[in-house]
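# Coordinate analysis (summary)
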Amino acid sequence: MQTVLKSVTAGINPAQQRQNVLVEVRGLGKDYGDTTVLNDINLSVNKGEVIAIIGPSGSGKSTLLRCVNLLDPPTRGILRVGDTTIDASQPLSKRQVLELRQPVGMVFQSFNLFPHLSVLRNVSIAQERVLKRDRKHADEVSRQLLDRVGLLSKADQYPSRCSGGQQQRIAIARALALEPSLMLFDEPTSALDPELGLEVLNVMQELATQGMTMIVVTHEMHFAESVSDRVLIMADGRVIEEGNSAQVMRKPQTERAQRFLSAVMNR
Amino acid sequence: MSGEMLYTILGGIQWTVLLTITSLAVGVLLGAVLCAMRTSGIRLLDGLAAALILVLRAVPPIVWLFLIFFGIGTGIMQVSPFQAAAIGLGLITAANMAEIFRGALAAVHKGQWEAAQALSMPARWRLLDVIAPQLLRVSLPSIASYAIGLLKDTAIASTIGVPEIAFQATHVSQVTFQGLATFAFAGCLYIALSIPVAWASRWADQRMRLRVAR
Amino acid sequence: MNETLAFWQQTLPSLLDGFRLSLQVTGVSLLLGIPLGLLLALGLRSPHLVLRAPLLAVIEVGRGASVLVLLQFVYFGLPTTGFTLSAFASVTLAFTWCTAAYTSEILRAGMEAVPQGQREAAQALRFNGLDTLRLIILPQGLPISIPALLGFAILMLQASSLAFVVALPELMSKAQLIGSNTFQYMPIFILVALLFAVICIPATVVVGYLERRLGRHL
């Protein structure tokens, strides 16, 4: 009942919620002072879908991603993740933010592992503090996850002793430890050498195959084409093209998209 | 507390300000010399300057003042309280300025040196036209914040008889037995005096921020 | 030269007594002042002006007033309100205030030096504010602050030499007594300088080393 009431007041059809649409964005906009960074973004993400967001620098891709988990709260528009809907024009409460973030995990371009904690503690700590698991249980889960990303051997070492690719994989394990239904990736391989980046992309591909819903901001065109289901091309704060990945990447409709893709694909 | 008492304390301001400015001037000049010695490339000069700086900063200011005033002053030659304070604080300031200038030198982008050399500018003009102006701009915030600290440190000169603010406050409190009000007033004076320096520093810093190559 | 050495040998015990007191009063002030400084730094993060304003006042006075005046204010000023404190207690109070004020700024800068990405990761992982502070920010921010805190500790030890104006029998006070009795001002103050140098020079070198090591880690 609560769920229905919440969605009705936000103007979103409750029927859609039963349809496995995990993320809905309507009319989203973001301003920094006088500058508009995002304008009129509309997006729907189904459960199990992998969405890639590509585009030139400054197009607002990362900003959009960070709006989805409210790291940068949007200025206007409606955002729904799972059962939580927020209206950006209303003041945001802490409770709403926590609710919305509950099913969402995030992986950052600069990994952001906690350097003063061991790899194992990095993956366990949020489980203990946020999910209130006891240490033993948390560590067990952590080891399983580290094994899944191929880094169980690094469990007792510190992040500084790991390569960039390893750190990013640990970061993925850390996010997965909270059992999210949606994973956000903000240029996960941009800070990595191509070889190390490949390790990370493989883990991401596996996640996708296992059915995780993912939104990935990336420069990796091959990943965008082969792993994602849908691709969004952004420029100047708007979505200029959207659709099935093979289609959009090979046969872009708009001129702006064509320019971007030809510059990027032919390097 | 009577107006006369207040007036007495206010009379110390000129000495405080004079001592601060004198020490700063001495310190900046000597500090530049020390910095030049440290960056000269000549090991003897470098070591000498480094040792001097270390010792000057390791010993409390009051000890230097006493050494100069009582030590030299009674034995070797006559030094007035003000002179002793100015020399002592000046030397300590010099040590700190040397470090500030050294840091600033490193901050001025190395490329500036090389560009000037490539243009075949003679060493003296390299120094005067390209490096020194940028050096000054980079050091200014540190110099300003040090100056504020120096202003407050001049209070120690009261112990050797310089009639600045703290000296007057001590005198007044002994006469009136109103320690609370007297020293509170003196404290506020120091705070008030440091405000214009802080403002000027921020203004200068903002204006100069753009003109330095990083 | 021999005379001077003999003089030094004679007067050293008395000076060392005083120096011990200097170290004690500095130590206690740091022990009390640094945690207070942390509380001040944390308190300043509050969104409520009602809390911030008095804290800011405490900090501005602790930093803005000359240490000497602060000392005299506490020692000579408090008795007029009925409170009388011993010399040691007065000096400790004044120095603790000073320490808290300066270290609050050092610690604030240290916490701000922790990369923003750490906070964002904690946010994405749904840590609450207290946990973020306790588990992520402070464990990284405090070590960053250590060189600056040590540098401040050295300055505080030097400042203890001012305590003679409020009749604390520390090093400077003992030296003055001996000086005025023997008129051997130069030798006695050189000895005082040496005593300070023996502690402060190695300490400064250690701080420099720590600064460089910490810089490499980041």
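### Considering helix 8 (residues 165–176) of chain B
Residues and elements named next belong to chain B.
- Here helix 8 spans 16 Å end to end across 12 residues, near enough to the 16 Å set by a 1.5 Å rise per residue.
- Ile 165, Ala 166, Phe 167, Gln 168, Ala 169, Thr 170, Val 172 and Ser 173 are the residues of helix 8 that are buried.
- One or two positions beyond helix 8, positive phi appears at Phe 177, with a value near 60 degrees.

### As for the interface of chain B and chain C
- Across the contact, 31 residues belong to chain B and 32 residues belong to chain C.
- Secondary-structure elements contributing two or more residues to the side of chain B that touches chain C are helix 3 (43–58), helix 4 (61–75), helix 8 and helix 9 (179–208) of chain B.
- Considering each element in turn, the side of chain B that touches chain C owes the most residues, nine residues, to helix 9 of chain B.
- Its residues assigned to classes, the side of chain B that touches chain C shows 20 nonpolar, 10 polar and one charged.

### Things to note about the nonpolar core
- With 114 residues, the main nonpolar core has Leu65(B), Val69(C), Leu71(C) and Val192(C) as its most contacted residues.
- With 13 residues, helix 5 (residues 81–107) of chain B is the largest single contributor of residues to this core.
- With residues up to four places along the chain from it excluded, the contact list for Val192(C) reads Val63(B), Leu15(C), Leu171(C), Met172(C) and Ala175(C).
- Judged by nonpolar contacts, the second largest core, of 84 residues, contains Val25(A), Val104(A), Leu151(A) and Leu125(C).

### Comments concerning the interface of chain A and chain C
- Opposite the 15 residues of chain A that make contact, chain C presents 14 residues.
- For the side of chain A that touches chain C, the elements supplying multiple residues, two or more each, are helix 4 (94–101) and helix 5 (119–130) of chain A.
- When residues of the side of chain A that touches chain C are assigned to their parent elements, the largest contribution, four residues, is made by helix 5 of chain A.
- Of the residues assigned to the side of chain A that touches chain C, the class counts are nine nonpolar, four polar and two charged.

### A look at the sheet that holds strand 3 (residues 50–54) of chain A
All names here are of chain A.
- Strand order in the open sheet formed by six strands is 6-7-8-3-9-10, and the pairing between neighbours is mixed. Each of the sheet's edge strands pairs with one partner strand only, and the pair in question is strand 6 (104–107) and strand 10 (238–244). Sheet twist, expressed as the mean angle between neighbouring strand axes with direction ignored, is 15 degrees.
- Relative to strand 8 (residues 213–217), strand 3 is paired through four bridges, and the arrangement is parallel. Each bridged residue has a counterpart across the sheet, and for Ile 51 the counterpart in strand 8 is Ile 215.
- Contacting strand 3, strand 7 (182–186), strand 8 and strand 9 (230–235), helix 3 (residues 61–68) runs over the sheet at an angle of about 150 degrees to strand 8.

### Quick word on the packing of helix 5 of chain A against helix 7 (residues 164–176) of chain A
All names here are of chain A.
- Interaxial distance between helix 5 and helix 7 falls to 8 Å at its minimum, and their mutual angle equals 25 degrees. On the basis of their axis angle, the class for helix 5 and helix 7 is roughly parallel. By crossing handedness, the relation of helix 5 to helix 7 is classed as right-handed. Contacts between helix 5 and helix 7 involve Val 119, Asn 122, Val 123 and Ala 126 from the former and Ile 170, Ala 173 and Arg 174 from the latter.
- Taken together, the residues of the contact of helix 5 with helix 7 break down into five nonpolar, one polar and one charged.

### Brief notes about the sheet that holds strand 4 (residues 76–81) of chain A
All names here are of chain A.
- Spatially, four strands are ordered 2-1-4-5 in an open sheet, and the strand pairing comes out antiparallel. Where the open sheet ends on each side, the last strands, each with one partner, are strand 2 (35–46) and strand 5 (84–87). Pairs of neighbouring strands in the sheet enclose a mean axial angle of 10 degrees, with direction left out of account.
- In this sheet, strand 4 lies alongside strand 1 (residues 21–32) in antiparallel orientation, the contact comprising five bridges. Across the sheet, Val 23 pairs through a bridge with Val 81, a residue of strand 4.
- Together, strand 4 and strand 5 form the strand contacts of helix 4, whose direction differs from that of strand 5 by roughly 135 degrees.

Cut-off values and rules
Residues numbered from 1 in each chain as written. Chains lettered and ligands numbered in written order. Predicted model: local features only at pLDDT ≥ 70, side-chain atom pairs only at ≥ 80, totals over all residues. Helix = DSSP H or I, 4+ residues; strand = E, 2+ residues; numbered from the N terminus. Expected span 1.5 Å × (residues − 1). Buried ≥ 20, exposed ≤ 12 C-beta atoms within 10 Å, placed from the backbone. Contact = placed C-beta atoms within 7 Å. Nonpolar A, V, L, I, M, F, W, Y, C, P; charged D, E, K, R; others polar. Core = buried A, V, L, I, M, F, W, Y, C linked by C-beta atoms within 7 Å. Pairing = 2+ DSSP bridges. Axes fitted to C-alpha atoms, helices over the stretch in contact; angles between N-to-C directions. Parallel < 35°, antiparallel > 145°, perpendicular 65-115°, else oblique. Left-handed = near helix turned anticlockwise from the far one by under 90°.

Treat this as a map of the structure, not an account of what it does.
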